[in-house]
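Inside the fold
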Number of protein chains: 2
Amino acid sequence: MDQVAEAAGVSRATVSRVINGAPSVDAKIREIVQRAIADTGYVPNVAARSLVTRKSNSVALVISEPDRPYDTSFLNRVFTDPYFGRVTAGATGALRPHDIHLVIIPTDSTDHHHVIRYLRQGHVDGVLLISSHEADPLPRQLHELGIPAVISARPASPLAASFVDVDQRLGARLAAEHLLGRGCRRLATISGPLDIPSGSDRLDGFRSYLAGRGIPDVPAVEGDFTRHGGEECARRLLTAHPDIDGLFVASDLMAEGALRAVQDLGRRVPDDLAVVGFDDSSAALDCRPLLTTIRQPVEEMAAEMAEVLMAHIAAPGRLPRSVTFQPTLVVRESA
Amino acid sequence: MDQVAEAAGVSRATVSRVINGAPSVDAKIREIVQRAIADTGYVPNVAARSLVTRKSNSVALVISEPDRPYDTSFLNRVFTDPYFGRVTAGATGALRPHDIHLVIIPTDSTDHHHVIRYLRQGHVDGVLLISSHEADPLPRQLHELGIPAVISARPASPLAASFVDVDQRLGARLAAEHLLGRGCRRLATISGPLDIPSGSDRLDGFRSYLAGRGIPDVPAVEGDFTRHGGEECARRLLTAHPDIDGLFVASDLMAEGALRAVQDLGRRVPDDLAVVGFDDSSAALDCRPLLTTIRQPVEEMAAEMAEVLMAHIAAPGRLPRSVTFQPTLVVRESA
DNA sequence: TTTCTGCCTGAGAGCGCTTTCTCGGCGGGC
DNA sequence: GCCCGCCGAGAAAGCGCTCTCAGGCAGAAA
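Rules used in this analysis
- Residues numbered from 1 in each chain as written.
- Chains lettered and ligands numbered in written order.
- Predicted model: local features only at pLDDT ≥ 70, side-chain atom pairs only at ≥ 80, totals over all residues.
- Heavy atoms only, no water.
- Helix = DSSP H or I, 4+ residues; strand = E, 2+ residues; numbered from the N terminus.
- Expected span 1.5 Å × (residues − 1).
- Buried < 20%, exposed > 50% of the residue type's maximum accessible area, 1.4 Å probe, protein only.
- Phe/Tyr/Trp six-rings, centres within 6.5 Å; stacked < 30°, edge-to-face > 60°.
- Near = heavy atom within 4 Å.
- Polar contact = N/O pair within 3.5 Å; in protein donor to acceptor, adjacent residues only side chain to side chain.
- Nonpolar A, V, L, I, M, F, W, Y, C, P; charged D, E, K, R; others polar.

Looking at an unreviewed UniProt entry, one finds chain A named LacI family transcriptional regulator, with Actinoplanes nipponensis as its source organism.

Below, the structure is given as structure tokens:
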């Protein structure tokens, strides 16, 4: 920087002003400095800059799965799951115009203190927290440490923190309405894990809407949001209730597995049994028949998380803010 | 840090030594300092540390796809592709024990200068470069800038840079051998894009091995490594050559699509037509029948890239090093 | 006891940048 | 024509840490 200053015949302070676009620099001088920067091939040192600005221009995407052991297969599942992929894509896209980069940090509960330490050290300016598990202490911890954060779902216990979510119950209701509209009457569902809100909310939403329409006691089995799990659940469900004609599966990945099991068991989809998924991930298009599903705009939601986070970083005192997206029904072939 | 020093009754230098695990500190003093650190809740400032050590303790995973426009669908494809997911998982797992974090940076050619600037600013200590495209200038640029980097494949033009690759031709040969061994004689292949080495090498390897076994002129169509592309290619291939009985598809994702097309066209797999994929990604298990494929140990390869990179960072002068992994045949149901 | 050898610790000089404070110079108003 | 005010640039003080260098103290050797 000194070299640039000397080459341009100005002080270091002026070079700094030019680099940071301060308006109070004479146009001629600005140009001279810029030429000097180009000539010398000068590149600012970010560490020195962060030291004084206390900004790192990067944020962490923390994927917290408290009860999964941190091992190769955990990493593999996380990075191969289309849901996390969509989140990453949405966040990256929203952050890039602001020249902010993403550090991706998967973590389990034994690992939380590492993550906390990392975040407190100032590596990042804020956190996008993907935490679905009800009992996950991370959201509260971050909040108490005053680390700017936006959570990917409504926190289980009330917390004055910003979050972005989709209206889970509405999504389940849309699925129920659609199945009912097709004439299905013997409905069932494969839910997500019930200890995570998106799992239990979709189940509740589905059941309580149907109860209101005079259909109580809808059979349900608890799945795990994996393809394989969906296959297994469908098999169990059809064995216990061979006559069901409409199935709501709480994720597309599970629906893909379920579809396979259903067809293996000799049912035609949608004629014998109509199936509705949830997410509208790429998995919905990998199914045969193509999956009718409840669309969750994951990329947009992640982008919104990023926007809210940047606002928090820019104005640390600002009040928490929550945004709820509306799910929509996407009709394809399976229902 | 001054507070800690005062609380412990030592100098800042000693606190620094304790934090960095210098061996030359008296055990009693070390303990006092550690207690003081705990009491004051002191957390080191990484920016200040990097400023002097010139280390950031993070590395970039740059995913370079020169001819894809940088847009939402590009991001989506990258982050949803199981191959990149496996790379990320492998690298993350290898880096974590060393407390090094990953910054993921997808980029197209219009964006290269941003990435270069980012890397030069010292945000990261090194680069894991996923670059398959033959004409990609990024590997050479990084090399010329002296930024420590490890490339995910043998560079198209000779470059004194470290890389990790799988023996592509051997993989193709294993597929050919297996198909031949099953009794297939009318073989064909769906290749990857021919302007990327992994695409052309697999095709060459397949054809030249078969040519050596007296089977010249094996039909091939050029795919694009997507599920949909595979479906389309298979359809074209079977239309032009209805009698083929063995098919090598250069990626599992494409094979999944191809399998679907083949079955739609009324062929039984593997009885009428045997299919071998490449990768052994999760897609291989999503197929029906389960996909016989050539396993590429992507996670291990990414981990190796990380190890080599860390070695380069630790000893900047060290000579480039290349590691080639052996692919293996995984027999399932499709061939 | 004295001197020498080592091992620890403390003092202090940066690392490269931002930012406040200050001052010089120029233009406009009276 | 003089003074005031404002704009633009420079000087210098850190930001929080590491690390070299030198000094002090203890133990061993003479």
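What follows continues from the structure just given.
With that out of the way, let us pick up helix α12 (residues 252-264) of chain A. Residue and element names in this part refer to chain A. If you check α12, its first and last C-alpha atoms are 18 Å apart, about what 13 residues at 1.5 Å a residue would give, namely 18 Å. For α12, the tally of buried residues reaches eleven of 13 residues, placing the bulk of the element in the interior. For α12, the set of buried residues is Asp252, Leu253, Met254, Ala255, Glu256, Gly257, Ala258, Leu259, Arg260, Ala261 and Val262. Immediately downstream of α12, the backbone of Gly266 shows phi near 90°, a positive value.

Residues and elements named next belong to chain A. Per the stated rule, a full pass over the model turns up eight aromatic pairs over all chains. When the ring of Phe206 is compared with that of Phe248, the centres are 4.9 Å apart and the planes differ by 35°; the resulting orientation is tilted. Within this pair, whereas Phe206 is found in helix α10 (residues 197-212), its partner Phe248 is found in strand β8 (residues 246-249), the two being separated by 42 residues in sequence. Pairwise contacts between aromatic rings join Phe206, Phe248 and Phe278 into one cluster.

The next point concerns the protein's contact with DNA strand D. Contacts to DNA strand D come from 27 residues, most closely from Thr14(A), Ile29(A), Met1(B), Ser16(B) and Tyr42(B). Considering DNA strand D, the proportion of its atoms within 4 Å of the protein that are sugar or phosphate atoms stands at 67%. Here a phosphate oxygen of DNA strand D and a backbone polar atom of Ser11(A) are 2.9 Å apart. Of all the secondary structure elements, the ones that give two or more residues to the surface near DNA strand D are α2 (12-19) and α4 (46-53) of chain A together with α2 (12-19) and α4 (46-53) of chain B. Top contributing element to the surface near DNA strand D by residue count: α4(B), with five residues. Residue composition of the surface near DNA strand D, grouped by class: 13 nonpolar, seven polar and seven charged.

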